[in-house]
Amino acid sequence: LICKLLTCIAIGMGITIAMQVSSLQMSDIDSVYGVVLSISRLAALVGTYLSVIGIFLIARIPAVEKSIGHDQLVIWHRNLGPWSLYLIGAHFFLVVVGYAGQDQMTLAQEIWRMLNDFAWMWWALAGFVLMVQAGITSYKKARAKYSYETWWMLHVLTYGAVASAFMHQIQNGQMFIEHPLNRAYWIGLYALMAFSVVWCRVLVPLVRSLRHDLRVESIVEESPDVYSVIMKGRNLIKLHAEGGQFFEWRFLTKGHFLVAHPYSLSAAPTARYLRITVKGLGDHSRSMVTIKPGTRVFIEGPYGVFTEDRRTQENVVLIAAGIGAPPIRALAESIAARPGDVSIIYRIRNKNDAALAEELAEIAKRRGFYLHILEGS
């Protein structure tokens, strides 16, 4: 599937570049400013195409997610993001320089003229600003200064950035004016992107959440600042969740409704119960203990390929540190293995940091696995 996906992306890139090349006229390359404008249009097309592909990668398309894995898709998404921003930024600068040179205006005068004379340009400017803020807040040092909730809300605006720029491309782009096939391709690309996001990230999770009627049953303190949230639903086996996977969880209560958070399963899923174990490291996780039994839970997932399906040998070593124990605990409980086939290494600073250590010990004893708890600074 990876080869097919990369082939599709490459073909799309080829078509995107071909749109620019096939619509070139002699006037686009017979002067310095004409060449500058042509380069700016190519930068816009390629940058926008990369931003659309970046959204596809995190659209949670089931076949892609299951084959490649959420972590790898996020890495690709993060690697594409800066290049998309650089190219669209280059387009903004070069198109202003090119038209200013042709019109013999200052850059400021040209920007004002373009905003008012070309259709949908104010929307395009808004989209560019949103894309810049998404790029800035995605850098590690900048992101560290924001809470997860704030970063998530800002990052969601990237959808608005891509959408805001669409109409000015179709209305003003030389490669689209009087080129119906090019317009059809570009509109189809955006439509497929929008459908993927709405279907996979909104409609399917909503239907699943309503169908399985997942609700908080109880919250159990495992160790200081570490709590397990036990949720009960109906026919959860149809979610096809596995130990080692995670969901995006949205608890329909004050302080938790707006933003979904990713937490791994901390116990093997059953037909009636799902469990997560969370350490209070931020505002959201610290307030989990206040969630009342009966609170409805909306879910998105399951995601991740840290599952038994990726196993290649009989002997397995499972390694966890601190609050990284939940997916290891769930996997240890559900993995198909004979006594002695599995070794578990659990790294902790001290015993107070050892959430789920007793459960891991019980699983290891019951199933004949080796458990090594490594304690120290």
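Below you will find a few notes about this structure. If you're wondering where the values come from, they're calculated on a predicted model, not measured in any experiment.

## Considering the nonpolar core
Then step 1. Membership of the largest hydrophobic core comes to 32 residues, with the highest contact counts inside it found for Val52, Val162, Phe176, Trp186, Tyr190 and Met193.
Then step 2. Counting only elements with at least two residues in this core, the list comes to helix H1 (2-22), helix H2 (32-57), helix H3 (62-68), helix H4 (70-103), helix H6 (121-138), helix H8 (148-164), helix H9 (166-172) and helix H10 (180-212).
Then step 3. The biggest single contributor to this core is H2, with 9 residues.
Then step 4. The residues touching valine 52, leaving out its near neighbours within four places in the chain, are Val162, Leu189, Tyr190 and Met193.

## Re the environment of glycine 14
Then step 1. Position of glycine 14 relative to the elements: it lies in helix H1.
Then step 2. Overall, the relative accessible area of 38% leaves glycine 14 in the partly exposed class.
Then step 3. For the pair formed by glycine 14 and valine 46, sequence separation is 32 residues and the distance between their alpha carbons is 9.8 Å.

## Section: the pattern of salt bridges
Two side chains bearing opposite charge may form a pair once their charged atoms approach each other closely.
Then step 1. All told, the structure shown has 18 salt bridges when counted by the stated rule.
Then step 2. Here glutamate 308 makes a salt bridge to arginine 311, at a shortest N to O gap of 3.3 Å.
Then step 3. You can call arginine 311 partly exposed: its relative accessible area is 25%.
Then step 4. Salt bridges linked by common partners bring Glu222, Arg275, Arg329, Glu333 and Glu359 together as one network.

## Details of the packing of aromatic side chains
Then step 1. Within the structure shown, the criterion is met by 12 aromatic pairs.
Then step 2. On the basis of an interplanar angle of 85° and a centroid distance of 5.9 Å, the ring pair of tryptophan 112 and tryptophan 122 is categorised as edge-to-face. With tryptophan 112 in helix H5 (residues 107-117) and tryptophan 122 in helix H6, the pair connects residues that are 10 residues apart, well separated along the chain.
Then step 3. Given a relative accessible area of 53%, tryptophan 112 falls into the exposed group.

## Considering the packing of H4 against H6
Then step 1. The geometry of H4 relative to H6 is characterised by a closest axis approach of 11 Å and an angle of 145° between their N-to-C directions. Considering the relative orientation of H4 and H6, their crossing is left-handed. Where H4 abuts H6, its residues Ser84, Leu85, Ile88, Gly89 and Phe92 lie against Leu125, Phe128, Met131, Val132 and Gly135.
Then step 2. Split into classes, the residues belonging to the contact of H4 with H6 amount to 7 nonpolar, 3 polar and no charged.

## Describing H1
Then step 1. Helix length check: H1 (21 residues) gives 30 Å between terminal C-alpha atoms against 30 Å at 1.5 Å per residue, within 8%.
Then step 2. Residues of H1 that are buried: Leu5, Gly12, Met13, Thr16, Met19 and Gln20. Here the buried residues of H1 occupy an arc of 115° about the axis, which is enough to place them on one side. Along H1, the residues that are exposed and aim more than 90 degrees away from the buried face are Cys3, Lys4, Val21 and Ser22.

## Points about the sheet that holds strand E4 (residues 261-264)
Then step 1. Pairing is antiparallel across the open sheet formed by 3 strands, whose spatial order is E4-E3-E6. One side of each edge strand has no neighbouring strand; the edge strands of this open sheet are E4 and strand E6 (297-303). Pairs of neighbouring strands in the sheet enclose a mean axial angle of 30°, with direction left out of account.
Then step 2. Where strand E3 (residues 246-251) meets E6, 5 bridges bridge the pair, whose relative direction is antiparallel. The residue bridging arginine 250 from the neighbouring strand is phenylalanine 298, located in E6.

The rules behind these values
- Position numbers for residues start from 1 in each chain and track the written sequence from start to end.
- Only residues with pLDDT of 70 or above have their local features reported here, since the model is predicted, and side-chain atom pairs are shown and tallied only from 80 upward, although totals for entire chains, interfaces and linings are computed over all residues.
- As a convention, hydrogens and water are excluded, and side-chain values are obtained from all of the structure's heavy atoms.
- By nonpolar core is meant a set of buried Ala, Val, Leu, Ile, Met, Phe, Trp, Tyr and Cys residues that side-chain atoms within 4.5 Å join together.
- Three exposure classes are used, based on accessible area relative to the maximum for each residue type with a 1.4 Å probe and protein chains only: buried under 20%, partly exposed in between, and exposed over 50%.
- Runs of E in the DSSP output that reach at least two residues are strands. Runs of H or I that reach at least four are helices, and both are numbered from the N terminus.
- Residue contacts follow a heavy-atom distance rule, with two residues in contact if any of their heavy atoms lie within 4.5 Å.
- Basic side-chain nitrogens of Lys or Arg form a salt bridge, by our definition, when they fall within 4 Å of a carboxyl oxygen of Asp or Glu.
- Stacked, edge-to-face and tilted labels apply to pairs of Phe, Tyr and Trp rings (six-membered ring for Trp) whose centres lie within 6.5 Å, assigned for plane angles under 30 degrees, over 60, and everything in between, in that order.
- Here an angle of 0 to 180 degrees is reported between the N-to-C directions of two axes, which are lines fitted to C-alpha atoms, with helices fitted over the stretch in contact.
- Less than a right angle of anticlockwise turn of the near helix away from the far helix marks a crossing as left-handed, whereas a clockwise turn marks it as right-handed.
- The classification used treats Ala, Val, Leu, Ile, Met, Phe, Trp, Tyr, Cys and Pro as nonpolar, Asp, Glu, Lys and Arg as charged, and all other residues, Gly among them, as polar.
- To estimate the expected span of a helix, count its residues, drop one, and scale the result by 1.5 Å.
- By construction, the arc corresponds to the directions joining the helix axis to the C-beta atoms.
- Strand pairing is assigned whenever DSSP identifies at least 2 bridges connecting the two strands.

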